[in-house]
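Descriptive analysis of the structure
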Amino acid sequence: MSLTELHGTVQDYILQLIGNVASYTGVTEAVRKLHLAQQFATEDELKQLQLKWLPGSLQVWLLKKAIQVFGERTWKYQDSLPPLPVPPLKNTLDKYLESVKPFVTAEEYKETEAVVREFEEGVGQSLHQQLLERAKVKRNWIEDWWLDLKYLQSRGSLPLTSNIAGFIPVTDDMWSAQGVDPADKVPLFLWVSLHLWKLLRKEQIPVDKAVLTGQPFCMDQFRKIFSTNRVPGVTKDKIVSNFRTESEGPSPTHIAVLCKGRVFKLEVIDREGEPLTPAELKIQLEGVKQQCENVPEGPHISALTAGDRTEWAKTREKMVEMDAVNAHNLSVIEKSIVVAAFDDAMPKDAGEALYQTLLGSSGNRWFDHFNTGVAYKSGLFASTFEHSPADGMVAVYWGYYIFAQLQRMGPIRKDQVLDRPIPEPEELVFTIDDEIRDAITHTEETFIKQASDIELICPSFTDYGKKVIRSFKLHPDSYMQTALQLAYFRMHGKPAPTYESATLRQYYHGRTETVRSCTTEVVNWCKAMVDNTVPVEEKKELMMAVVKKHVKLMEEAKNLLGCDRHLFGLQVLAQGAGIPLPSIFKDAAYTKSGGGGNFTLSTSLLGYTPCPGAAAPMVHHGYGIFYNLTSERIFYTISAWKSCKETSAEEMSASIQQSLRDMRKLLMTS
């Protein structure tokens, strides 16, 4: 062994020893929490954490060094995460039978129970054994199936079936208080996003952990935040991620900018791996806008990403074959850190911004890219996220990070323009013919027609929020799910098969399991709430039973003890074996209870942040409902198809607000 190798080995040993001591003594966890505070805490909260006897600049330096020495690297625990388990077959089938009861008659339930038991004693046993064998050789037995069958093989328009939109609530009042010029907004948004990119490159994003147990979560999805794109295929798309950490090698250093139907490439990272300054980014972005002034709009190539996936794949293949420049330009866009879009629309609030971002100008979105940020002429900012490579929590993390950091940003200063050349915008000019122009026009017209059929609103409930809910020792998410159930039941006179996502990130490459929130307890309570003869105390007891049941279902789902993912795996195996589809999947109760992607209420908690999101409903007769629970208020978005005469986002919103008021009234009952 050479002296250089010996020195490196000793150094690695010392660093490992320091890390072990730090972990044992709790230093590592303390540094992790300080790092999280640095990313998400308000200015007032940060001041409370500061040591008054140390200068602020020295504290910043010490924290930076502590993160370097004692901080856990973002993907430190990936190799030690437990594999995704296969739940017991009986548990899954019992859980499934319990979940169908609200949607079938007693006679129908007997028939379904017979079908399920036949499956359990027959073909279900062999399929389950095959799944156990698969799990022995794959750390996550569902990962490939889920990605391919639920996302990549889908042929529908991404914004109408898969993408989600997120809004960052940075207000004019906040900007004004910080002395930020309106023209500085977009460069600051971009700079903060690039700073997050830098932290990921250095593996310095703190590892997410379970609040109660401290168990590390899988961080694999964070690799998909930047430079990740869904490439269309004739029968199946593919996910291509070009992000690399510093230890892995070079990563793309440019972004793509969409403006007036044209596309530009901007180099935004300097030679040392640092983002350009906000002032430099501002010069670049103004250069893009200047090139788009007083000239005809571009060909709106990006509109093709909003259309049918097979048609887009065929058009893309033709473009690549037509000119090597086209292939180069598409590669540039798909590898970009993020896509930024300037939009002339003037949304006034979160609801309008979310609608425009997801369902507005398809000629100014790259729906295939994981992250397309849209800067509106009205000063608002939102993003659309391609859902297949990562779940909503990644988008929420990104959005809340941007929001938290921007609250500390001051105005762009002239001295931020360093004495160095600033890379100029490079327009990506495509070679296209009449056939491609017709495809763009057809895709835009089709998307406009489809998107105009969706109603999307983002109200807020201001009577109370998470603080009041917790004062009654209730879980805020379970409480909100309970309110949604009552709201739907009152409006439609029947229970709704409901999907809520539960994270499986405690497992290797874990995604989500379904919480079937509509239970027998829900139906009993809802019936009582619309019956004036039922005593108030009984209504309160029934409501508490609903909340308690939801907490139990959520905890079980986080441990893959729901029923949907296991049933999905068994169905995939049956279809792959070429045997007749087992009766359990053809039984009416399977669809009635939401199986096969037929949930009437498609819901998700976006955390306890003020950054709302939105998506289209899962089914035509259903609702898409995302919600945020902050201390003093509840934000939620509702989407519904206008062409469905049964649904109304506005009426559902009114029903939700009434339910929340009635629930608090029940809790106030002594």
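Sequence order sets the numbering: in each chain, residues are counted from 1 along the sequence as written. Per-residue local features of the predicted model are confined to residues with pLDDT of at least 70, and side-chain atom pairs are confined, for both listing and counting, to 80 or more; whole-chain, interface and lining totals are unaffected and use all residues. Values reported for side chains reflect all heavy atoms of the structure, with hydrogen atoms and water molecules removed beforehand.

Details of the pairing of strand 4 (residues 254-259)
Working definition: with a 1.4 Å probe on protein chains only, accessible area under 20% of the residue-type maximum means buried, over 50% means exposed, and in between means partly exposed. A run of H or I in DSSP becomes a helix once it reaches four residues, and a run of E becomes a strand once it reaches two; helices and strands are each numbered from the N terminus. With six of its six residues buried, strand 4 lies for the most part within the structure. Here strand 4 shows a buried face lined by His254, Ala256 and Leu258 and a second buried face lined by Ile255, Val257 and Cys259. A pair of strands is labelled paired if DSSP reports no fewer than 2 bridges between them. With six bridges joining them, strand 4 and strand 5 (residues 262-267) adopt antiparallel strand pairing. Residue pairing across strands places Ile255 opposite Leu266, the latter belonging to strand 5. Counting the residues that bridge the hairpin from strand 4 to strand 5 gives two residues, and of these Lys260 lies at a positive phi of roughly 55°.

Brief notes about the confidence of the model for the chain
Low pLDDT marks stretches whose predicted atomic positions should not be read closely. Scored between 0 and 100, pLDDT is the confidence that the predictor attaches to each residue. Of all residues in the chain, 88% attain a pLDDT of 70 or more, and the chain-wide mean is 90. Residues count as neighbours in contact if any of their non-hydrogen atoms are within 4.5 Å of one another. Across residues 3-19 the pLDDT falls below 50, and counting only partners more than four positions away or on other chains, this stretch makes five contacts in the model.

Things to note about unusual backbone geometry
The backbone of Lys260 shows a phi angle near 55°, a positive value even though the residue is not glycine. Locating Lys260 in the fold gives a position in the loop between strand 4 and strand 5. With a phi close to 55°, Asn294 is a non-glycine residue in the positive phi region. The exposed category is assigned to Asn294, whose relative accessible area is 81%.

Quick look at helix 22 (residues 564-577)
Three- or four-residue spacings in an α-helix give side chains the same orientation, since the helix completes a turn every 3.6 residues. What a helix is expected to span follows from its residue count: subtract one and scale by 1.5 Å. In a regular helix each residue adds 1.5 Å, so 14 residues correspond to 20 Å; helix 22 covers 20 Å between its end C-alpha atoms and thus fits that length. Burial runs high along helix 22: eleven of the 14 residues are buried. Buried within helix 22 are the following residues: Asp564, Arg565, His566, Leu567, Phe568, Gly569, Leu570, Gln571, Val572, Leu573 and Ala574. Backbone geometry just after helix 22 places Gly578 at a positive phi near 75°.

As for the packing of helix 8 (residues 143-152) against helix 22
Helix-helix packing is described using two parameters, namely the angle between the two axes and the distance between the axes. Lines are fitted to the C-alpha atoms to define the axes, a helix being fitted only along its stretch in contact, and any angle between axes, read from their N-to-C directions, falls within 0 to 180 degrees. Orientation of helix 8 relative to helix 22, taken along the N-to-C sense of each, is 80°, at an axis distance of 11 Å. Judged on the interaxial angle alone, helix 22 and helix 8 are roughly perpendicular. Two secondary-structure elements touch here, helix 8 through Trp145, Trp146, Leu149 and Lys150 and helix 22 through Arg565, Phe568, Gly569, Val572 and Leu573. For classification purposes, an angle smaller than 35 degrees is called roughly parallel, one larger than 145 roughly antiparallel, one from 65 to 115 roughly perpendicular, and anything else oblique.

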